[in-house]
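Secondary and tertiary structure notes
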Amino acid sequence: MAEVQILGLFHEATPTADTIGILRQLGVPDEKITVMSGIPYRPEMLGRPRPRRRVALISLIGAGLGLLTGLFLTFGIFLLYPLEQGGQPITPIPPTLIILFETIMLGTMWAAFFGLLGENRFPVFKSQLYDPRITEGHIGVLAEVEAALADQVESILKDNGAHHLRRETSSPRRTDVRLTAFWATVAGAVVLLGAVTLLIAYDVLKIRFPTNMAEQDSTAYLQGPRRSAPAEAIPIQGPVLIDGQPASEPVPASAESVQRGKELFSITCAVCHGPAGDGNSPLSGFFTPRPVDLTSTPIQDLTDSEIYLVITQGRGGMPNMAENLGPAERWDVINYVRTLAK
Ligand code: HEC
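Because the structure is predicted, anything quoted here is derived from the model rather than measured. (Residues numbered from 1 in each chain as written. Predicted model: local features only at pLDDT ≥ 70, side-chain atom pairs only at ≥ 80, totals over all residues. Heavy atoms only, no water.)

**Details of the pattern of salt bridges**
Convention followed: Salt bridges, as used here, are contacts in which a Lys or Arg side-chain nitrogen is within 4 Å of a carboxyl oxygen on Asp or Glu. Helical segments are the DSSP runs of H or I of at least four residues, strand segments are the runs of E of at least two, and each set is numbered from the N terminus. The classification of residues rests on relative accessible area computed with a 1.4 Å probe and restricted to protein chains. Under 20% of the type maximum is buried, over 50% is exposed, and intermediate values are partly exposed.
Applying the stated criterion across every chain, the model contains 11 salt bridges. A salt bridge links Lys32 to Glu3; its shortest N-O distance comes to 3.2 Å. A residue pair is termed long-range when its members are at least 10 positions apart, and Lys32 in the loop between α1 (13–26) and β2 (33–37) and Glu3 in strand β1 (residues 3–10) qualify at 29 residues. Taking the relative accessible area as the measure of exposure, Lys32 reaches 26% and is therefore partly exposed. With a relative accessible area of 13%, Glu3 lands in the buried category. Note that Asp332 and Arg260 form a salt bridge whose closest N and O atoms lie 2.8 Å from each other. Here Asp332, found in helix α12 (residues 327–339), pairs with Arg260, found in helix α8 (residues 255–268); they are 72 residues apart in sequence, far enough to count as distant. Residue Asp332 is classed as buried on the basis of its relative accessible area, which comes to 3%. For Arg260, a relative accessible area of 43% translates into the label partly exposed. Salt bridges sharing common partners tie together Arg24, Asp30 and Arg48.

**Description of the site of the ligand**
Applied cut-off: Only a single heavy atom is needed: when it lies within 4 Å of a molecule or strand, its residue is near that molecule or strand. Within 3.5 Å is the distance limit for a polar contact, defined as a pair of N or O atoms, with the added protein rule that one can donate a hydrogen and the other accept it, and that residues adjacent in sequence qualify only through two side-chain atoms. For this classification, the nonpolar set comprises Ala, Val, Leu, Ile, Met, Phe, Trp, Tyr, Cys and Pro, the charged set comprises Asp, Glu, Lys and Arg, and every other residue, Gly included, is treated as polar.
Taken together, 22 residues are adjacent to the ligand, and Cys269, Cys272, His273, Arg315 and Met318 come closest. Here an oxygen atom of the ligand and a side-chain polar atom of Arg315 are 2.4 Å apart. At 3.3 Å, a backbone N or O of Gly317 approaches an oxygen atom of the ligand. For the shell around the ligand, the element with the most residues is helix α9 (residues 270–273), which contributes 3 residues. A breakdown of the residues in the shell around the ligand according to their chemical character gives 16 nonpolar, 4 polar and 2 charged.

**A short note on the packing of α1 against helix α4 (residues 150–159)**
As a reminder, the rule being used: Inter-axis angles, ranging from 0 to 180 degrees, are taken between N-to-C directions of lines fitted to C-alpha atoms, where helices are fitted over the stretch in contact. With respect to orientation, any angle under 35 degrees is reported as roughly parallel, any angle over 145 as roughly antiparallel, any angle of 65 to 115 as roughly perpendicular, and every other angle as oblique. Crossings are classed by handedness, with left-handed meaning an anticlockwise turn of the near helix from the far one by less than a right angle and right-handed meaning a clockwise turn. The contact criterion used is simple: two residues touch if any of their non-hydrogen atoms lie within 4.5 Å.
Relative to each other, α1 and α4 sit at 155°, their axes nearing to 10 Å. Taken together, the axis directions place α1 and α4 in an arrangement best described as roughly antiparallel. Of the two elements, α1 crosses α4, and the hand of that crossing is right-handed. Contacts between α1 and α4 involve Thr19, Ile22, Leu23 and Leu26 on the former and, on the latter, Gln152, Val153, Ile156 and Leu157. The residue makeup of the contact of α1 with α4, split by class, is 6 nonpolar, 2 polar and no charged.

**What about the pairing of strand β5 (residues 139–146)?**
In plain terms, the rule: The criterion for strand pairing is that DSSP finds at least two bridges linking the strands in question.
For β5, the buried fraction is high: 7 of the 8 residues fall into the buried class. Both β1 and β5 contribute to a ladder of 8 bridges, which runs antiparallel. Each bridged residue has a counterpart across the sheet, and for Leu9 the counterpart in β5 is Gly140. Relative to β5, β2 is paired through 5 bridges, and the arrangement is antiparallel. If you follow Met36 over to β5, its bridge partner there is Gly140.

**With respect to the coordination of the iron atom of the ligand**
Stated formally: Here the term donor refers to an N, O or S atom within 2.8 Å of the metal (or 3.2 Å for Na, K and Ca), and because water is left out of the atoms, sites may appear incomplete. Every angle between 85 and 135 degrees makes a four-donor site tetrahedral, while opposite donors more than 155 degrees apart, with all other angles between 65 and 115, make a four-donor site square planar and a six-donor site octahedral; other sites are irregular.
Ligation of the iron atom of the ligand by protein atoms is provided by His273 (NE2) and Met318 (SD), these donors lying 1.9 to 2.1 Å from the ion. Each of the 6 donor atoms bound to the iron atom of the ligand contributes to angles spanning 86 to 178°, and the resulting shape is octahedral. Placement of the pair is His273 in helix α9 and Met318 in the loop between α11 (304–313) and α12, with a sequence separation of 45 residues. For Met318, a relative accessible area of 24% gives the class partly exposed.

**Details of unusual backbone geometry**
Here the bond from Thr288 into Pro289 is cis, since omega is -5°, no more than 30 degrees from zero. Along the polypeptide, Pro289 turns up in the loop between α9 and α10 (297–300). For Asp203, which is not glycine, the phi torsion reads 65° and is therefore positive. Position of Asp203 among the secondary structure elements: in the loop between α5 (172–201) and α6 (212–215). For Asp203, a relative accessible area of 48% corresponds to the partly exposed category.

**A word on the sheet that holds β1**
With respect to topology, 4 strands assemble into an open sheet ordered β2-β5-β1-β6, the strand pairing being antiparallel. Taken across any chain shown, the strands that pair with only one partner, and hence form the sheet edges, are β2 and β6 (164–170). Strand-to-strand, the axes of this sheet are offset by a mean angle of 20°, without reference to chain direction. Where β1 lies against β6, 7 bridges are found, and the strand directions are antiparallel. Within β6, the position partnered with Ile6 by the bridge is Arg167. Set on the sheet, α1 makes contact with β1, β2 and β5; between it and β5 the angle comes to about 10°. Sitting on the sheet, α4 is in contact with β1, β5 and β6, with an inclination near 5° to β1.

What follows is the structure in structure tokens.
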């Protein structure tokens, strides 16, 4: 059934209010009467019912949904993927509170935004009658009525002081379809976006996103096939043990090596083990157990690789010296320690 839009322009608020009263008596429902005005008249001044607003309730529901989302992101994920540290699950309260605050605010704001749009039946696709004089202070009353009532409504407007009238026929069903289609498209887009996100997140859709990690020079060489060391390469990190043969000595105990070792020993070891290596230094008293006597039999009985490990990794009160001595220097020191034997 075709509807007719009739727009009447008024100068004053009082005749406008009267007209609305009469239209209502005629049986035109309030939602079919639109008052347009550049001046913000309150509904009561025009004899109209105060519209019931549900934005506050919708926002509250949004806040609740935000809270649930936040609880899922914090506690829900801890339950789904427990990360235990020292036998305890990680449920840090302060960051959780911040996340909850954020999601509650986000839920509230989205709900208020879309609630307001929905309640005002936005976006408006229907071409509504309008007259530019409304911006100049005139009050426009737009009534949407069935064609049968059109003439009657028009004369009511005219009799009550409408100084200008316009009429247009519209088909309401088509406009509703467009509004539904709009919101269906929005909902569809949201669902599609969410679905694609989940598909990517759970590796159903495998997309190789570029990561800087793999492009770094420092890690790039780890990616490719491992190449074995050239045949003539000499291991410098420790003795090589080949079946049935004695451990190879990376730095032979030459006079030069012992000389270098003596020098390095006085810099890095003597503070604790004493200049003579016998464990007597001004610092010895501060250690329990004391720095060992390197000249003693039990220590000289240690293999080269055992001493190498003590220097590299430390042991008990003995700190690791890996940062003070390079691998070759450690062997120089070991060669020197051997000369201390009683
Ligand atoms: C900060 C003081 C300190 C310095 C510097 C230090 N040591 Fe020690 N070292 C110790 C102490 C203390 C121990 C006894 C550790 C224990 O048994 O808990 C020890 C133990 C050792 C042992 C015996 C480990 C074992 O298996 O019992 C060796 C060998 C040794 N040091 C060699 C060296 C050499 C070589 C250097 C120089 C590169 C060096 N230390 C520098 C404090 C030091």
